[in-house]
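Each chain, letter by letter, is given below.
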Amino acid sequence: MSEVQLRVGDARQRDVGRGIARIDQRTMQKLGISAGDVIEIVGKRTTSAIAWPAYSEDQNRDMIRIDGFTRKNAGVAINEYVIVRPAKVKEALNVTLAPVDMRLNVDEDFTNFVKNRLMERTLVEGDTTLVMMLGHAIPFVVTKTRPHGIVKVTAETRLTILSEPAPEGKGVPRTTYEDIGGLHEEIQRVREMVELPLRHPELFQRLGIEPPKGVLLHGPPGCGKTLLARAVATESEANFITIKGPEVFSKWVGESEKAIREVFRKARMAAPAVIFFDEIDSLVPRRGLGFADSGVTERVISQLLTEMDGIVTLEDVVVIAATNRPDIVDPAVLRPGRFDRLIYVPEPDEKSRLQIFKIYTKGMPLAKDVSLENLVALTKNYSGADIEALCREAAMQALRRDVNAKEVTMKDFEEALKRIGPSITPDMEKWYKSFMQQVRQVQKPATPVA
Ligand SMILES: Nc1ncnc2c1ncn2[C@@H]1O[C@H](COP(=O)(O)OP(=O)(O)OP(=O)(O)O)[C@@H](O)[C@H]1O
Ligand SMILES: [Mg+2]
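Here, residues in each chain are numbered from 1, in the same order as that chain's written sequence. By the order in which they are written, chains take letters starting at A while ligands take numbers starting at 1. It should be noted that, the model being predicted, local features are given only for residues of pLDDT at least 70 and side-chain atom pairs only at 80 or more, the latter also being counted only at that level, while totals for whole chains, interfaces and linings use all residues.

Novice: So, the site of ligand 1: which residues are in play, and what are the values?
Specialist: Nearness is defined per residue: the C-beta atom, placed using the backbone, must lie within 6 Å of the molecule or strand. Around ligand 1 sit 21 residues in total, of which Pro 221, Gly 224, Thr 226, Gly 384 and Ala 385 are the nearest. Each helix is a run of DSSP H or I of at least 4 residues and each strand a run of E of at least 2, with the numbering of both proceeding from the N terminus. Within the residue set of the shell around ligand 1, elements represented by two or more residues are helix H6 (225-235), helix H11 (350-361) and helix H13 (384-401). In this count, Pro and Cys sit with the nonpolar residues alongside Ala, Val, Leu, Ile, Met, Phe, Trp and Tyr, while Asp, Glu, Lys and Arg are called charged and the others, Gly among them, polar. Grouping the constituent residues of the shell around ligand 1 by class yields 11 nonpolar, 7 polar and 3 charged. When residues of the shell around ligand 1 are assigned to domains, at least three map to each of domain 3 (177-344) and domain 4 (350-426). Throughout, the edges of the domains are those of an automatic or database domain assignment.

Okay, structure coming up:
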């Protein structure tokens, strides 16, 4: 049987959630298939997708473009290789789906609705598949199929939908790179700093490059720091341990430093691993800021410093942190050998805003008069979170106007713009950059550090 090996690339925004794989003409010929046929994609897992013609610039590149869901279903990351062959598809007798992260009220109508949406789609046990509902993509895990293998949903298929979510971690994809508008360079930098050393320690050894121990994402609120880290977590091979700064104090009252120790211990055991401290400013606020906390903060800071100093690079643990208030993070944490690589996550520029609008209006029925380009021009200084809120508000506005509204109009967006304003101020970028510059100045080895 014919099969080919192809390099995995990411999907265009418009292809996300469609279950298609873009492959070029030459590859289709080799496989003896044509567009619309089902293919089997084998990475660490096996999944299926519908072959679709490649974009012209991808001709003869031996690559396959699939979205984050399909990548997760195939157990591969971007730039890895998969085996692709024509699929042997069987008709599904039974399919069981479970929701992800939520409970559902399931009745016959609902089940029929979902079944209609899945008609002719191919599924594999363990896959996560998206079902469009009211303009939203709702993920479901395929918990069981009969027969096994690649199956197609037909009118005869008996569909069961569980109301309880699938157990965590069972191949459930979360944030993927396609969920992020813009930030391409930032994603690339994070991956280089985090994934490369964990995956290819030998490269760093050979080249004599010291990989970073800690990477700090900083920048204005709502612009994608947490999102970016979550996407890297989903897409990377490493085990990700995420800790939200404020949680350490609330969940581990009185023993917060023990929590830190525990996190690093877990990471070493799960290596290669990445620890992500989100909102690190609340975990290690600058000492002497007057938070009366009977020394807890002090102990947490010194525990974190001990652990970070104890990391032997290339031994499989990297730490990422994020903050929108680098100025209140204890300076000791930012010294060389700790969080010494900085990545600024900027407010979205026009191109990024357009992508963010596309993400949040995807599946939203837009009236003809809605021009995303115009909206981009009207949303200077809006963060990604602001744009998301704006789109949600516009949809709400449409419903307020008419509960049976079929479309969201430009007027709805204009109303929404009145309610949702920009949260970024013009000088923010300057402020972050110059603050970080200062930190770097202080860090110069010759300068005595306080
Ligand atoms: N670049 C982006 N692309 C798509 N969505 C975005 C983007 N930036 C922000 N969002 C949306 O806004 C939400 C908030 O973003 P996120 O939590 O990543 O911000 P943050 O930079 O971590 O902010 P904070 O400093 O307040 O923690 C995201 O969950 C996402 O829905
Ligand atoms: Mg955040």
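Novice: Give me the lowdown on the packing of H11 against H13, citing residues and values where you can.
Specialist: For every element, the axis is a line fit to its C-alpha atoms; helices are fit only across the contacting stretch, and the angle between N-to-C directions ranges from 0 to 180 degrees. One way to put it is that H11 packs onto H13 with a least axis distance of 9 Å and a crossing angle of 40°. One finds that H11 runs oblique with respect to H13. For the element pair H11 and H13, the recorded crossing hand is right-handed. For the pair formed by H11 and H13, the contact residues are Arg 353, Ile 356, Phe 357, Tyr 360 and Thr 361 on the first element and Gly 384, Ile 387, Glu 388 and Cys 391 on the second. Counted by class, the contact of H11 with H13 contains 5 nonpolar, 2 polar and 2 charged residues. An angle below 35 degrees is treated as roughly parallel, one above 145 as roughly antiparallel, one from 65 to 115 as roughly perpendicular, and anything else as oblique. Crossings are assigned a handedness: left-handed for a near helix turned anticlockwise from the far helix by less than a right angle, right-handed for a clockwise turn. The contact criterion used is a C-beta to C-beta distance within 7 Å, with each C-beta placed from the backbone.

Novice: Give me the confidence of the model for the chain: which residues, what numbers.
Specialist: Known as pLDDT, the predictor's confidence for each residue is given on a scale from 0 to 100. Considering every residue of the chain, the mean pLDDT works out to 87; 94% of them sit at 70 or more. Note on residues 169-173: pLDDT under 50 across the span, and 14 contacts to partners over four residues away in sequence or across chains. Long-range and interchain partners of residues 446-450, a stretch whose pLDDT sits below 50, account for 3 contacts in this model, where long-range means more than four residues apart.

Novice: An account of the sheet that holds strand E9 (residues 122-123) is requested, with residue identities and associated values reported.
Specialist: Across the sheet, 3 strands lie side by side as E7-E12-E9; this open sheet has mixed pairing. A single partner strand is all that each edge strand has here, and the edge strands are strand E7 (90-91) and E9. Pairing between strands is defined by DSSP: at least two bridges between them are needed. Judged from the 2 bridges that link them, E9 and strand E12 (residues 151-152) form a sheet pairing that is antiparallel. Of the residues in E12, the one forming a bridge with Leu 123 is Val 151.

Novice: Quick one: what's the story with H11, residue by residue and with numbers?
Specialist: Across its 12 residues, H11 extends 16 Å between first and last C-alpha, which sits within 8% of the 16 Å expected from 1.5 Å per residue. Around each residue's C-beta, the other C-beta atoms within 10 Å are counted; 20 or more make the residue buried, 12 or fewer make it exposed, and counts in between make it partly exposed. All C-beta atoms are placed from the backbone. Inspection of H11 places Ser 352, Arg 353, Leu 354, Gln 355, Ile 356, Phe 357 and Thr 361 among the buried residues, and these make up the whole buried set. In this structure, the buried side of H11 is in contact with helix H12 (372-378) and H13. Gly 363 sits one or two positions beyond H11 and adopts a positive phi of about 80°. Here, expected helix span is obtained from the residue count minus one, scaled by 1.5 Å.

Novice: So what's going on with the sheet that holds strand E11 (residues 136-146)? Residues and values would help.
Specialist: What the 4 strands build is an open sheet, ordered E10-E11-E8-E13; its pairing is mixed. The open sheet terminates on both sides in strands that have one partner only, identified here as strand E10 (128-133) and strand E13 (158-161). Along the sheet, successive strands turn relative to each other by an average axial angle of 35°, direction set aside. Bridge count for E10 against E11 is 6 bridges, and the pairing is antiparallel. Note that in E11 the partner of Val 131 across the bridge is Ile 138. Packing against the sheet, helix H3 (residues 108-118) makes contact with E10 and E13, and its axis sits at approximately 120° to E13.

Novice: With reference to specific residues and values, describe the environment of Leu 130.
Specialist: Residue position: Leu 130 is located in strand E10. What makes Leu 130 buried here is the crowd of 20 C-beta atoms within 10 Å. Discounting residues that sit within four places of it in the chain, Leu 130 has contacts with Gly 17, Phe 69, Ala 137, Ile 138 and Pro 139.

Novice: Lay out the pairing of strand E14 (residues 214-218) with the relevant residues and their values.
Specialist: In terms of burial, E14 is largely enclosed, as 5 of its 5 residues are buried. Both faces of E14 are covered, namely the face carrying Gly 214, Leu 216 and His 218 and the face carrying Val 215 and Leu 217. By the bridge criterion, 5 bridges tie E14 to strand E17 (residues 317-323) in an arrangement that is parallel. Looking at E17, one finds that Leu 217 is bridged to Ala 322.

Novice: Before we move on, can you summarise the domain arrangement of the chain with the specific residues and values?
Specialist: By the assigned domains, the chain splits into domain 1 (4-86), domain 2 (90-168), domain 3 (177-344) and domain 4 (350-426). Put simply, the middle of domain 2 and the middle of domain 4, counted by C-alpha atoms, are 31 Å apart.

Novice: Talk me through the nonpolar core; I want residue IDs and the actual numbers.
Specialist: Think of a nonpolar core as buried Ala, Val, Leu, Ile, Met, Phe, Trp, Tyr and Cys residues chained together by C-beta atoms that fall within 7 Å. Formed by 46 residues in total, the largest nonpolar core has its most connected members in Leu 217, Leu 228, Ile 275 and Ile 320. When residues of this core are assigned to their parent elements, the largest contribution, 6 residues, is made by E17. Ranked by size, the runner-up nonpolar core spans 41 residues in total, among them Ile 64, Val 76, Leu 97 and Val 141.

Novice: Break down unusual backbone geometry for me, citing the residues and quoting the values.
Specialist: In this structure, Pro 147 follows Arg 146 across a cis peptide bond, with omega equal to -5°. Structurally, the position occupied by Pro 147 is in the loop between E11 and E12. Although it is not a glycine, Asn 79 adopts a positive phi angle of roughly 75°. Note that Asn 79 resides in the loop between helix H2 (68-74) and strand E6 (81-86).

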